[in-house]
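Structural features, examined
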Amino acid sequence: MSIEIQQAAKEPKRKRGKQRVAALIDAGAELFAEKGYEATTMTEIASRAGAAIGSLYQFFPSKEALAEALFNRFTERAAASFARVEELAPGRSARELADLLIDYKLEQGTDRDAAIVLLSSVASIIERRKPLGDALRGRIAKILSAANPALGEDEAAATAVLVNQVMKMIPAFAATKDERTAALVGEARKLMALYIAEVLSR
């Protein structure tokens, strides 16, 4: 983390301050997802949050600082959400495992969409792409290995890569926001379930 981000990340102590920061991050997430990182201005973020520009700069003196805070929130929530997947996974069928993994992606919503934008736009966040991806694939491999102890370590790692690739399709499907969304996500569930069933039968 850069010195600028460390100095910029002002942690509110009161409940009202925390709510204000959450609203500012929410506004940033919406705009980054809608317009992209470069096209979004701090003025627009403050306006979307219904806050004065001075209030935004009080907590986030740069757009990069807000992006970093948003991405940190996303990774913390995603890690907690995946812990729930790990908790529910033991003893589940292939279809149930597929649903758990796809629902995990769907539940991330706007923060996920904004995080995808930031992963290709902000240098300090781009650097985190590989370690975060490696960690998620490792956790998926552990779920598959627990479901089928006959899987070797390399085989589990390879299957986790393919499972993760299917999961990566979900944001694009969900972004259509029309009658095709449910159909596309439903097809992804079938694809995932068929592949996991094959993996578990090896």
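Cut-offs and rules
- Residues numbered from 1 in each chain as written.
- Predicted model: local features only at pLDDT ≥ 70, side-chain atom pairs only at ≥ 80, totals over all residues.
- Heavy atoms only, no water.
- Helix = DSSP H or I, 4+ residues; strand = E, 2+ residues; numbered from the N terminus.
- Buried < 20%, exposed > 50% of the residue type's maximum accessible area, 1.4 Å probe, protein only.
- Contact = heavy atoms within 4.5 Å.
- Salt bridge = Lys/Arg side-chain N within 4 Å of Asp/Glu carboxyl O.
- Axes fitted to C-alpha atoms, helices over the stretch in contact; angles between N-to-C directions.
- Parallel < 35°, antiparallel > 145°, perpendicular 65-115°, else oblique.
- Left-handed = near helix turned anticlockwise from the far one by under 90°.
- Nonpolar A, V, L, I, M, F, W, Y, C, P; charged D, E, K, R; others polar.

This paragraph deals with the side chain of Arg112. Relative to the helices and strands, Arg112 resides in helix H7 (residues 109-118). A relative accessible area of 5% places Arg112 in the buried class. Sequence-distant contacts of Arg112, defined by excluding residues within four places in its chain, comprise Phe74, Lys105, Leu106, Pro171 and Ala174.

What follows is about the pattern of salt bridges. One pass over the full model with this rule turns up 18 salt bridges. Across the pair Asp113 and Arg112 runs a salt bridge, and its minimum N-O distance is 3.0 Å. Overall, the relative accessible area of 25% leaves Asp113 in the partly exposed class. Glu198 is the partner of Arg202 in a salt bridge, and the nearest nitrogen-oxygen pair spans 2.8 Å. Taking the relative accessible area as the measure of exposure, Glu198 reaches 36% and is therefore partly exposed.

Their axes nearest at 10 Å, the elements helix H5 (residues 63-88) and helix H6 (residues 94-106) cross at an angle of 165°. Considering the angle they form, H5 stands roughly antiparallel to H6. As H5 packs across H6, the resulting crossing turns out to be right-handed. Residue-level contacts link Ala78, Ser81, Phe82, Val85 and Leu88 of H5 to Leu100, Leu101 and Tyr104 of H6. Broken down by class, the residue content of the contact of H5 with H6 amounts to 7 nonpolar, 1 polar and no charged.

Everything listed here is a matter of geometry and, on its own, says nothing about what the molecule does.
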